[in-house]
Amino acid sequence: PFVDLMVTMCDPSIPLTTEEWEEWGNPNEEKYYEYMRSYSPIDNVREGVVYPKTLIVSGLNDPRVAYWEPTKWAQVLRAKVANGDDVLLKMDLAAGHFSAADRYRYLRELAFDYAWLLEQLGKAEATAPATS
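Residues numbered from 1 in each chain as written. Predicted model: local features only at pLDDT ≥ 70, side-chain atom pairs only at ≥ 80, totals over all residues. Heavy atoms only, no water.

## Structural notes on the overall build of the protein chain
Argument step 1. Helix and strand content of the protein chain: five helices and two strands.
Argument step 2. Secondary structure elements in the protein chain, listed N-terminal to C-terminal, are α-α-α-β-α-β-α.
Argument step 3. Taken against the 2.2 N^0.38 rule, which gives 14 Å for 132 residues, the C-alpha radius of gyration of the protein chain at 18 Å runs more than 25% over that of a compact globule.
Argument step 4. Expressed as a percentage of its 132 residues, the buried residues of the protein chain come to 28%.
Argument step 5. When contacts within the protein chain are restricted to residue pairs at least 6 apart in sequence, long-range pairs at least 24 apart make up 58% of them.
Argument step 6. Total accessible area on the protein chain is roughly 9,300 Å²; 56% of this is exposed by carbon and sulfur atoms. (Helix = DSSP H or I, 4+ residues; strand = E, 2+ residues; numbered from the N terminus. Rg over C-alpha atoms; globule rule 2.2 N^0.38 Å. Buried < 20%, exposed > 50% of the residue type's maximum accessible area, 1.4 Å probe, protein only. Contact = heavy atoms within 4.5 Å. Areas by Shrake-Rupley, 256 points an atom, 1.4 Å probe, with all protein chains shown as cover.)

## Quick look at the nonpolar core
Argument step 1. Ile42, Val45, Ile56, Trp73, Ala74, Val76, Leu77, Val81 and Val87 form the largest nonpolar core, which has nine residues in total.
Argument step 2. In this structure Leu77 touches Val45, Tyr51, Thr54, Ile56, Gly84 and Val87, once residues within four positions along its chain are discounted. (Core = buried A, V, L, I, M, F, W, Y, C linked by side-chain atoms within 4.5 Å.)

## Quick word on a nonpolar patch on the surface
Argument step 1. Among the surface-exposed residues, Leu60, Tyr67, Trp68 and Leu93 lie close enough to one another that they form a single nonpolar patch of about 440 Å² accessible area.
Argument step 2. Locating Tyr67 in the fold gives a position in the loop between strand 1 (54–59) and helix 4 (68–80). (Patch = residues over 30% accessible without salt bridge, like charges linked within 9 Å, V, L, I, M, F, W, Y side chains within 5 Å. Salt bridge = Lys/Arg side-chain N within 4 Å of Asp/Glu carboxyl O.)

From the geometry alone we can't say anything about function, so treat these as descriptive.
Have a look at this one:
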């Protein structure tokens, strides 16, 4: 549910957190703490390991995922994994939770995502179709 699960779920001032305790448990209680920490993404980054190249996309005005969550995730990955330079954080300063509201801007954002993915797969070079 959260990248920085333990920090987010331990803070009852964050909207929706206390409601989530019913489903996931309250990490402020000892019986839940270690279990929740065992699957908390940010607490389980393995130092020195090569991770897949990562594109983290977020919006500054996202009311559901605060901008510091993806920023912190990128920072931890960059600092701990062997290939931290392969972690890209793209923060849209005008978007919210569902990316750009404008249809054409949304399509540009989607094109960026696909272009990044194709680059990682080695398929970014445009090739002309064979003609006979």
